[in-house]
Amino acid sequence: MRYRRLGRSGLQLSELSLGSWLTFGKQIADGTAEALMKIAYDNGINFFDNAEIYARGESERVMGRILKKMEWPRDTWCVSSKVFFGAGGKLPTQTGLHRKHVVEACHDALKRLQVEHLDLYFCHRPDPDTPISETVWTMHQLIMQGKVMYWGTSEWSASEIAEAHAVAQEHHLLAPVMEQPQYNLFHREKVEKEFAPLYDTVGLGTTIWSPLASGVLSGKHDLEGDVSSRLRMAGLEWLKERELTAQRMAKVKELKEVAEELGLSLPVFAIAWCLRNPHVSTVILGASKTAQLEENLKAVDAQDRFTTEVMDRVEKTLRAMGSSTPG
Ligand code: NDP
């Protein structure tokens, strides 16, 4: 494993990390979740990603039980939670980024994860009904209380992140350190263009999600979706519709050829491509099977095969196929 600084902070996260969206407490048995975390930890992964909304709190409960059972020293791993969507309740007091919910959600996540502090705490989406200054003050106070180590955002715009920094600077508060955006071969705009000024000015770190576009970049799907995958799960029809399009399937075919020329499987190729971006602090992996995680871990070494020529070839392949990638 290799490690990178989380933006300008002194915290070093493993280049690959493990997330639990749709899997823990939902798609997979708790025994599989435990096996995944063990493989991750044994291979040097030091960051496990979670959120209050994942399986409505159940994902954090499952992860908390595993962390307790494993008895890994607390100073060898990091765990996150995210606040905004609530853990099931939909009342205005149970969601959003106002002080009441951010504090209560933090306390609930600490209990479910059975930890004394969250290493990373994310505002899962921007909240148009709460002033950004209220959220910045609340996050600062949670850090001062020792309940959170670093705070950040997820799917905020560059201007919202800049506003949070301006508030923090004005009042001498701790500013957001990281953003959690989607980033993969199909989805690049935010990380490569919109956030570009923030890497130098505020030292933004990124913990990127869906490196395989929900498994589409594994190359295993036809247009119906692999029968044992999340894209065929009841209630996730919207995800299949968003991720599995004919245009993408055509691109997957072309990209697979480039990957094969490098001697890499498509998932390893797609994850390694994310790692080639120096503004990516960690790539959060998802897996429903241990074999997937074992395969995807090869991306750390595979990134070395991405010469400038290979990167140019990927650009040409995506452009030739009408990709909306930034120039
Ligand atoms: P990916 O895009 O990598 O999708 C992971 C899924 O792809 C797996 O669960 C599996 O699903 C399939 N897969 C993975 N590896 C392989 C392989 N080698 N071969 C075949 N299929 C494979 O990541 P996620 O979408 O899971 O996102 C990762 C994490 O990011 C989440 O767990 C969460 O922590 C975070 N996240 C954050 C969001 C946010 O808003 N902040 C939003 C979404 C995710 P299957 O077997 O079902 O096909």
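Note: the structure precedes this text.
Computed from a prediction, not measured in an experiment: that's the story for all the values here. (Residues numbered from 1 in each chain as written. Predicted model: local features only at pLDDT ≥ 70, side-chain atom pairs only at ≥ 80, totals over all residues. Heavy atoms only, no water.)

Trainee: Which parts of the structure should I look at to understand the overall build of the protein chain?
Mentor: Along the backbone of the protein chain there are 14 helices and 10 strands. Taking 20 Å as the expected radius of gyration for a compact globule of 327 residues, we find that the protein chain reaches 19 Å, a close match to that expectation. In terms of overall dimensions, the protein chain has a C-alpha envelope of 50 × 45 × 35 Å along the principal axes. Evaluated residue by residue, the protein chain yields a buried proportion of 56% over its 327 residues. For the protein chain, the proportion of contacts with a sequence separation of at least 24, taken over those separated by at least 6, is 77%. For the protein chain, the exposed surface amounts to about 13,800 Å²; the carbon and sulfur share of it is 51%. (Helix = DSSP H or I, 4+ residues; strand = E, 2+ residues; numbered from the N terminus. Rg over C-alpha atoms; globule rule 2.2 N^0.38 Å. Buried < 20%, exposed > 50% of the residue type's maximum accessible area, 1.4 Å probe, protein only. Contact = heavy atoms within 4.5 Å. Areas by Shrake-Rupley, 256 points an atom, 1.4 Å probe, with all protein chains shown as cover.)

Trainee: Teacher, can you tell me more about the site of the ligand here?
Mentor: The immediate surroundings of the ligand are formed by 30 residues, with Asp49, Ser210, Lys220, Arg230 and Ser288 found nearest. Within the backbone of Ser20, one N or O atom sits 3.0 Å away from an oxygen atom of the ligand. Contacts to the ligand include Ala213, whose backbone N or O atom sits 3.2 Å from an oxygen atom. Within the complex, the protein chains bury 96% of what would otherwise be the 900 Å² of accessible surface of the ligand. The site holding the ligand turns out to be the largest pocket. (Near = heavy atom within 4 Å. Polar contact = N/O pair within 3.5 Å; in protein donor to acceptor, adjacent residues only side chain to side chain. 1 Å grid on protein atoms, 1.4 Å probe; cavity = no way out; pocket = protein on both sides within 12 Å on 5 of 7 lines; lining within 4 Å. Sits in = over half its atoms within 2 Å of the grid points.)

Trainee: Any chance you could explain the pairing of strand S3 (residues 16-19) here in plain terms?
Mentor: A regular strand places its side chains on the two faces of the sheet in alternate fashion. Because side chains alternate across S3, one face comprises the buried residues Leu16 and Leu18, and the other comprises Ser17 and Gly19, equally buried. Here S3 runs beside strand S4 (residues 47-49); their pairing, made up of two bridges, is parallel. Note on S4: the bridge partner recorded for Gly19 is Asp49. (Pairing = 2+ DSSP bridges.)

Trainee: Before we go on, may I ask you to explain the packing of helix H10 (residues 246-261) against helix H14 (residues 308-320) in this structure?
Mentor: In helix packing, the relevant descriptors are the interaxial angle and the interaxial distance, both defined with respect to the helix axes. Following both chains from N to C, one finds H10 and H14 inclined at 165 degrees, their axes separated by 10 Å at the closest point. It follows from the interaxial angle that H10 and H14 lie roughly antiparallel. Both H10 and H14 take part in a crossing whose hand is right-handed. Here H10 contributes Lys251, Glu254, Leu255, Val258 and Glu261 to the contact with H14, which in turn contributes Arg313, Val314, Thr317 and Leu318. In terms of residue class, the contact of H10 with H14 is built from four nonpolar, one polar and four charged. (Axes fitted to C-alpha atoms, helices over the stretch in contact; angles between N-to-C directions. Parallel < 35°, antiparallel > 145°, perpendicular 65-115°, else oblique. Left-handed = near helix turned anticlockwise from the far one by under 90°. Nonpolar A, V, L, I, M, F, W, Y, C, P; charged D, E, K, R; others polar.)

Trainee: Honestly, the packing of helix H5 (residues 132-144) against helix H6 (residues 158-171) in this entry has me stumped. Any pointers?
Mentor: Two numbers describe how H5 lies on H6: the axes approach to 9 Å, and their chain directions differ by 60 degrees. Taken together, the axes of H5 and H6 are oblique relative to one another. When the axes of H5 and H6 are compared, the crossing they make is right-handed. For the pair H5 and H6, the contacting residues are Ile132, Ser133, Val136 and Trp137 in the first and Glu160, Glu163, Ala164, Val167, Ala168 and His171 in the second. Class assignment of the residues belonging to the contact of H5 with H6 gives a composition of six nonpolar, two polar and two charged.

Trainee: It is not clear to me how the layout of surface pockets should be interpreted in this structure. Could you clarify?
Mentor: Gaps left between atoms are located by rolling a probe of water-molecule size over the structure's atoms. Counted as a void, the largest pocket has a volume near 1,000 Å³. What lines the largest pocket is a set of 45 residues, among which Trp21, Leu22, Ser210, Ser214 and Arg230 lie closest to the centre. Only helix H1 (23-27), helix H9 (237-243), helix H11 (266-275), strand S10 (282-285) and helix H12 (290-296) provide two or more residues apiece to the lining of the largest pocket. When residues of the lining of the largest pocket are assigned to their parent elements, the largest contribution, four residues, is made by H1. Of the residues that constitute the lining of the largest pocket, the class distribution is 18 nonpolar, 18 polar and nine charged. Space inside the second largest pocket adds up to approximately 150 Å³. For the lining of the second largest pocket, the residue count by class is two nonpolar, six polar and five charged. (Points joined across faces, edges and corners; volume = space filled by probe spheres on them.)

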